[in-house]
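# Working through the structure, step by step
Single-letter residue listing:
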Amino acid sequence: GAGVSQSPSNKVTEKGKDVELRCDPISGHTALYWYRQSLGQGLEFLIYFQGNSAPDKSGLPSDRFSAERTGGSVSTLTIQRTQQEDSAVYLCASSGGLGETQYFGPGTRLLVL
Amino acid sequence: AQSVTQLDSQVPVFEEAPVELRCNYSSSVSVYLFWYVQYPNQGLQLLLKYLSGSTLVKGINGFEAEFNKSQTSFHLRKPSVHISDTAEYFCAVGRTSGTYKYIFGTGTRLKVLA
């Protein structure tokens, strides 16, 4: 593909609802990352997938957050029972290997009312 | 575990002046180092990276950075900035083996003034 794509670009939801964010990485990239970008907080690592290895979930802030990657390609980040503090831009990135450049998607801007 | 510190949250500088954006990292093992840039209303893109070899790394748009192992720093420099360099700059660190996890700094907002 031309680049990393994410959908939706914007999501407004009510507190307590579940949301699903989707990421389509660059074809052939084995590593896929999710980050959260909040104002003044930089990029917060959430989770990464690499090939068939178990994902590194060490950055997920609570058990309301989960992610999966199907067939080594598309990934979905799910936030259950959303809270207002979950409002942020969620960024997905993919890369071809260790030390390789991460290519970022445009992000999903999540607003929890 | 690794960590990254970008001490300056905002750096204002006049056009055509030099600039240095500071990045310090902490790690007990060897690392890869990156600078990414996010222009207003755009996604993040790689500016430059240090993997090994020469400690002076040149990137896009005239930027360069120097890896200093003894001072655990990877400061970004440009001798003469343009208005178009106004953006947010992020430093990131990753281990050279064992994990694909990268840690990003909190970012430095560079504002170039006319």
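Read on for a plain summary of the structure. All of these numbers come straight from a predicted model, not from anything done at the bench. (Residues numbered from 1 in each chain as written. Chains lettered and ligands numbered in written order. Predicted model: local features only at pLDDT ≥ 70, side-chain atom pairs only at ≥ 80, totals over all residues. Heavy atoms only, no water.)

Facing the 21 residues of chain A at the interface are 19 residues of chain B. When the two sides are added together, the surface that chain A and chain B hide from each other amounts to roughly 1,800 Å², 58% of it contributed by carbon and sulfur. Of all residues in chain A, the largest losses of buried area upon contact with chain B belong to Leu43(A), Leu98(A) and Gly99(A), amounting jointly to 32% of the total for that side. Applying the counting criterion to the chain A and chain B interface returns zero salt bridges. Counting the contacts that link chain A with chain B gives ten residue pairs in polar contact (both at pLDDT 80 or more). (Contact = heavy atoms within 4.5 Å. Buried area = accessible area lost by both parts, 1.4 Å probe. Salt bridge = Lys/Arg side-chain N within 4 Å of Asp/Glu carboxyl O. Polar contact = N/O pair within 3.5 Å; in protein donor to acceptor, adjacent residues only side chain to side chain.)

When the sulfur atoms of two cysteines share a covalent bond, that bond is a disulfide. Residue and element names in this part refer to chain A. Within the structure shown, the criterion is met by two disulfides over all chains. Residue Cys23 pairs covalently with Cys92 via a disulfide, S to S 1.8 Å. Measuring handedness by torsion sign, the sulfur bridge of Cys23 and Cys92 sits at about -65 degrees and is left-handed. Here Cys23 is found in strand β3 (residues 19–24), whereas its partner Cys92 is found in strand β8 (residues 88–95), with 69 residues between them in sequence. When sorted by exposure, Cys23 lands in the same class as Cys92, which is buried. (Disulfide = S-S within 2.5 Å. Helix = DSSP H or I, 4+ residues; strand = E, 2+ residues; numbered from the N terminus. Buried < 20%, exposed > 50% of the residue type's maximum accessible area, 1.4 Å probe, protein only.)

For the rest of this paragraph, the subject is the nonpolar core. Residues and elements named next belong to chain B. The biggest cluster of nonpolar side chains holds 28 residues, and the ones touching the most others in it are Leu33, Trp35, Leu47, Leu48, Phe74, Leu76 and Tyr89. Listing elements by their share of this core, those giving two or more residues are β2 (10–14), β3 (19–21), β5 (31–38), β6 (44–50), β8 (64–68), β9 (73–78), β10 (87–95) and β12 (108–113). Beyond its immediate stretch of four places on either side in the chain, Phe74 contacts Cys23, Leu33, Phe34, Trp35, Leu48, Lys49, Tyr50, Ala65, Glu66 and Phe67. (Core = buried A, V, L, I, M, F, W, Y, C linked by side-chain atoms within 4.5 Å.)

All names here are of chain A. Strand order across the open sheet formed by four strands is β1-β3-β7-β6, with antiparallel pairing between neighbours. Only two strands of the sheet have a single neighbouring strand rather than two, namely β1 (5–7) and β6 (65–69). Neighbour to neighbour, the strand axes of the sheet diverge by 15 degrees on average, direction disregarded. Relative to β3, β1 runs antiparallel, the two being bridged by three bridges. In the strand pairing of β3, Ser5 is matched with Asp24. (Pairing = 2+ DSSP bridges. Axes fitted to C-alpha atoms, helices over the stretch in contact; angles between N-to-C directions.)

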